[in-house]
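Chains, contacts and geometry: an overview
Residues per chain are reported as follows:
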Amino acid sequence: LGSFLHPDAKPTARSAAAGVERQSSASGQPWREVYRTTSESLSSTVCVDSGRGYAKYGLASSRAPAVLQICQPGQECTQASLLGTALRRLGLRRATLPAYSAIVSEPFKYAGDQDRGFSAPGRRGREAWRADTEQQLLHGFGVRRLAIVDSASLCLFSHRLTSGVVVNIGFGKTFIVPVLGGSIVRSAVRHLELSGMELTQHMANLLHHAGHDCSWRPEFGGDEIPPITVARNIKEAGLEAFPTSLHDHFGHSPLAIGQVLRRTDPPTKQVRFGGATFELGWERFVCAEFVFHETGGEDEGDLPLHRGVMQAVDAAVDAVARGEAEAVAVGSSGDALRSALLRRIVLSGGSANIAGLPERLAHELEALRRQQPGSSARADAEAAPPPSPARRSSHDAAAAAAEATAAHQRDKEAAVAV
């Protein structure tokens, strides 16, 4: 893509069964050529973006992707059956697939090199997943061309950037991924236990303490769903991040739920669910406070979001200083690179849609910057703007990436881009 090749490019073995070698992003073909070809044939390019809870898929020419649910309840497919299910729902027959290309996003859990188990299996897991994806699409389904691109780079490409920090608050985990010049700084990737699933559980508990009944009833409409799913839907419609720390605002811990709910100044919001209405007070802000809650733990997974982001940025700066990564002109090194990365934060994942989250994260990061040794008034005046929420679709994956040559040039010309 642009003037660089994917760092993970490796030769793909010739298929003994097929007797031909198919082109793939892992065969060393430049991304720019893959995307140039793709942009000329959007109607024959399938895009698949998989997460742990949901997957999105569609033709690159479509206005928006379709969604498959992987998580329970309501599971429509498994990770193993995802590709076949997506192709079948698109109405593509096996006999026609050799006329199609595919772009598949590499899930965030494969961003780092260190093996942390199922949720982050590291380099070995990434290589196995890529080999399996190529086997399925190139040799099993017989598509003519495959590009596997890491999700973090795609998020940046959709914002016309090739360097920055992507914060993915996913269904089961949060991944913080620094990218320089379209290449993940894998030693700087951070994994937090914070997840959309955890926030849903917190919201269910808060709704219970606030006296809301999440048991399904006919006025909700639709099929009967469990209380945790009702809580999830209320969370998605009503959750909001307070602009500053609730501890500072209340003068006590926001996790003292009884004390918080007895307050007489709740900023209420009505959330409709079918024919029912839920009036939410401080509970909708308290739930989002778990994103920034300081547990005091030293484990990486227990860090609050803002500290995880700053730790990942610092690790990326250190990697450049050690010669393990190249800054690619966004900031040569040290404080200049740190400032550039903090101005290029992109949020992704379902829970990134929390109202007020970008502004609150920017507030917390600025507070951390002020605490760092050598922080100057000039650095304080150049505080990072609110992170940009990623709005990726299957069309964005192809169309935005096709513009990344210009984005790569913009990264060279300007240290600040949001």
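In the block above lies the structure referred to throughout.
What counts, and where the lines are drawn
Residues numbered from 1 in each chain as written. Predicted model: local features only at pLDDT ≥ 70, side-chain atom pairs only at ≥ 80, totals over all residues. Heavy atoms only, no water. Helix = DSSP H or I, 4+ residues; strand = E, 2+ residues; numbered from the N terminus. Buried < 20%, exposed > 50% of the residue type's maximum accessible area, 1.4 Å probe, protein only. Contact = heavy atoms within 4.5 Å. Areas by Shrake-Rupley, 256 points an atom, 1.4 Å probe, with all protein chains shown as cover. Expected span 1.5 Å × (residues − 1). Phe/Tyr/Trp six-rings, centres within 6.5 Å; stacked < 30°, edge-to-face > 60°. Pairing = 2+ DSSP bridges. Salt bridge = Lys/Arg side-chain N within 4 Å of Asp/Glu carboxyl O. Axes fitted to C-alpha atoms, helices over the stretch in contact; angles between N-to-C directions. Parallel < 35°, antiparallel > 145°, perpendicular 65-115°, else oblique. Left-handed = near helix turned anticlockwise from the far one by under 90°.

For the rest of this paragraph, the subject is the overall build of the chain. Scanning the chain from N- to C-terminus turns up 15 helices and 14 strands. Counting all 418 residues of the chain, 52% fall into the buried class. Excluding contacts between residues fewer than 6 apart, the proportion of contacts in the chain whose partners are at least 24 apart in sequence is 65%. Counting every atom, the chain has about 18300 Å² of accessible surface; 50% of that belongs to carbon and sulfur.

The next subject is helix H10 (residues 305–321). Helix length check: H10 (17 residues) gives 25 Å between terminal C-alpha atoms against 24 Å at 1.5 Å per residue, within 8%. Where burial is concerned, most of H10 is hidden: twelve out of the 17 residues are buried. Turning to H10, its buried residues number three or more, namely Leu305, His306, Gly308, Val309, Met310, Ala312, Val313, Ala315, Ala316, Val317, Ala319 and Val320. In the core, the buried residues of H10 are packed alongside strand S7 (164–169), strand S8 (174–180), strand S10 (190–192), helix H11 (334–342), strand S13 (345–348) and helix H12 (357–371). Of the residues flanking the end of H10, it is Gly323, one or two places downstream, whose phi is positive at about 85°.

Tallying each qualifying case throughout the model produces seven aromatic pairs. Here Trp282 and Phe285 contribute two aromatic rings whose centre-to-centre distance is 5.7 Å and whose plane-to-plane angle is 55°, an arrangement assigned as tilted. For the pair Trp282 and Phe285, one class covers both residues: buried. Each residue in the set Phe242, Phe250, Trp282 and Phe285 is aromatic and connected to the rest through ring pairs, giving one cluster.

Along strand S12 (residues 276–280), the buried face is formed by Ala276, Phe278 and Leu280; none of Thr277 and Glu279, which line the opposite face, is buried. Both strand S11 (residues 269–273) and S12 contribute to a ladder of five bridges, which runs antiparallel. Looking at S12, one finds that Lys269 is bridged to Leu280. Once S11 ends, the chain turns through two residues before running back antiparallel as S12, passing Gly274 with a positive phi of about 65°.

Okay, unusual backbone geometry next. Phi at Arg160 is positive, roughly 60°, even though this residue is not glycine. Tracing the backbone shows Arg160 in the loop between helix H4 (151–157) and S7. Here Arg160 falls in the partly exposed class, since its relative accessible area comes to 46%.

So, on to the pattern of salt bridges. Close approach of charged atoms allows side chains with opposite charge to pair. Per the stated rule, a full pass over the model turns up 17 salt bridges. Residue Lys56 pairs with Asp49 through a salt bridge whose shortest N-O separation is 4.0 Å. Taking relative accessible area as the criterion, Asp49 reaches 14% and is therefore assigned buried. Note that Glu240 is salt-bridged to Arg284, the shortest N-O span being 2.6 Å. Of the two residues, Glu240 is situated in the loop between helix H6 (227–238) and helix H7 (246–250) and Arg284 in helix H9 (residues 283–289); the sequence distance between them amounts to 44 residues. With a relative accessible area of 6%, Arg284 lands in the buried category. Through salt bridges with shared partners, a single network forms among Asp113, Arg123 and Arg126.

Moving on, we come to the packing of H10 against H12. Two elements in contact, H10 and H12, have axes whose closest approach is 9 Å; the angle formed by their N-to-C orientations is 60°. The orientation of H10 with respect to H12, classified from their angle, is oblique. H10 and H12 meet at a crossing whose hand is right-handed. In this structure, H10 contributes Leu305, His306, Arg307, Val309 and Met310 to the contact, and H12 contributes Leu357, Leu361, Glu364, Leu365, Leu368, Arg369 and Gln371.

Taking 1.5 Å of rise per residue, 15 residues should cover 21 Å, and H12 covers 21 Å from first to last C-alpha, within 8% of that figure. The complete set of buried residues in H12 reads Leu357, Pro358, Arg360, Leu361, Ala362, Glu364, Leu365, Glu366, Leu368 and Arg369.

Within the secondary structure, Glu364 is located in helix H12. In this structure Glu364 comes out as buried when scored by relative accessible area, which is 12%. Note: C-alpha distance between Glu364 and Arg307 (57 residues apart in sequence) is 8.6 Å. Apart from residues lying up to four places away in sequence, Glu364 is in contact with Ser245, Phe292 and His306.

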